[in-house]
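Coordinate inspection notes
Here is how the chains run, residue by residue.
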Amino acid sequence: MKLLVPGVDRSVQASPGPLSELELALQGEHAAQAREEALAALGAIEDRMRSAAAAGLPPAEFAVLTALQDACQAARETLTIPVRRL
């Protein structure tokens, strides 16, 4: 999946190559290992955020923390979507 920016020529935006090192790794020979490492990193981030929340946060930081937790959940769901190669 590529990010398409409105008003910018699509031929410039939609390069055939991977968007990130993670995308490249997930397409490679060791995709399962890359997926597990990414999921473990997400778990560590989520653990740190839970610890920060348990220690108490000002309301503004709590809103940011909630958004980050949502982003981690979305990343986790994306990494665990079954992929079927054609």
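Presented here is a report on the structure given in the accompanying data block. (Residues numbered from 1 in each chain as written. Predicted model: local features only at pLDDT ≥ 70, side-chain atom pairs only at ≥ 80, totals over all residues. Heavy atoms only, no water.)

1. Points about the overall build of the chain
The secondary structure content of the chain amounts to 4 helices and 0 strands. What you see in the chain, going N to C, is helices and strands ordered as α-α-α-α. Within the chain, buried positions represent 16% of all 86 residues. The contacts of the chain with a sequence gap of at least 6 include a subset with a gap of at least 24, amounting to 42%. Working note: accessible area of the chain is about 6800 Å², and carbon and sulfur atoms make up 63% of it. (Helix = DSSP H or I, 4+ residues; strand = E, 2+ residues; numbered from the N terminus. Buried < 20%, exposed > 50% of the residue type's maximum accessible area, 1.4 Å probe, protein only. Contact = heavy atoms within 4.5 Å. Areas by Shrake-Rupley, 256 points an atom, 1.4 Å probe, with all protein chains shown as cover.)

2. A closer look at the pattern of salt bridges
Overall, the coordinates contain 2 salt bridges when judged by the stated rule. Here Arg76 makes a salt bridge to Glu46, at a shortest N to O gap of 2.5 Å. Note that Arg76 is positioned in helix α4 (residues 59-79) and Glu46 in helix α3 (residues 31-55), a separation of 30 residues in sequence. Given the relative accessible area of 23%, Arg76 is considered partly exposed. Residue Arg50 is joined to Asp47 by a salt bridge in which the shortest nitrogen-to-oxygen separation is 2.5 Å. (Salt bridge = Lys/Arg side-chain N within 4 Å of Asp/Glu carboxyl O.)

3. Some words on the side chain of Glu46
With relative accessibility at 11%, the residue Glu46 sits in the buried group. Beyond its immediate sequence surroundings of up to four residues, Glu46 is in contact with Cys72, Gln73 and Arg76.

4. Observations concerning α3
Here α3 is 25 residues long and its end C-alpha atoms lie 36 Å apart, about the 36 Å a rise of 1.5 Å per residue gives. Listed as buried for α3 are Ala31, Ala34, Ala38, Leu39, Leu42, Gly43, Glu46 and Met49. Against α2 (21-27) and α4 lie the buried residues of α3. With its phi angle positive at about 100°, Gly56 sits one or two positions after the end of α3. (Expected span 1.5 Å × (residues − 1).)

5. Looking at the packing of α3 against α4
Remark: α3 packs on α4, axes separated minimally by 10 Å, with the N-to-C direction vectors making an angle of 160°. The pairing of α3 with α4 is recorded here as roughly antiparallel in orientation. The interaxial crossing formed by α3 with α4 has left-handed handedness. Residue-level inspection shows Arg35, Ala38, Leu39, Leu42, Gly43, Ile45, Glu46, Met49, Arg50 and Ala53 of α3 in contact with α4, the latter providing Leu65, Leu68, Gln69, Cys72, Gln73, Ala75, Arg76 and Leu79. Residue composition of the contact of α3 with α4, grouped by class: 11 nonpolar, 3 polar and 4 charged. (Axes fitted to C-alpha atoms, helices over the stretch in contact; angles between N-to-C directions. Parallel < 35°, antiparallel > 145°, perpendicular 65-115°, else oblique. Left-handed = near helix turned anticlockwise from the far one by under 90°. Nonpolar A, V, L, I, M, F, W, Y, C, P; charged D, E, K, R; others polar.)

6. Points about the nonpolar core
Core analysis: the biggest nonpolar cluster contains 9 residues, these being Leu26, Ala34, Ala38, Leu39, Leu42, Met49, Leu65, Cys72 and Leu79. Listed by contribution, the elements that provide at least two residues to this core are α3 and α4. If you tally residues by element for this core, the top one is α3, at 5 residues. The residues touching Ala34, leaving out its near neighbours within four places in the chain, are Leu22, Ala25 and Leu26. (Core = buried A, V, L, I, M, F, W, Y, C linked by side-chain atoms within 4.5 Å.)

Geometric descriptors of this kind do not, in isolation, establish any biological role.
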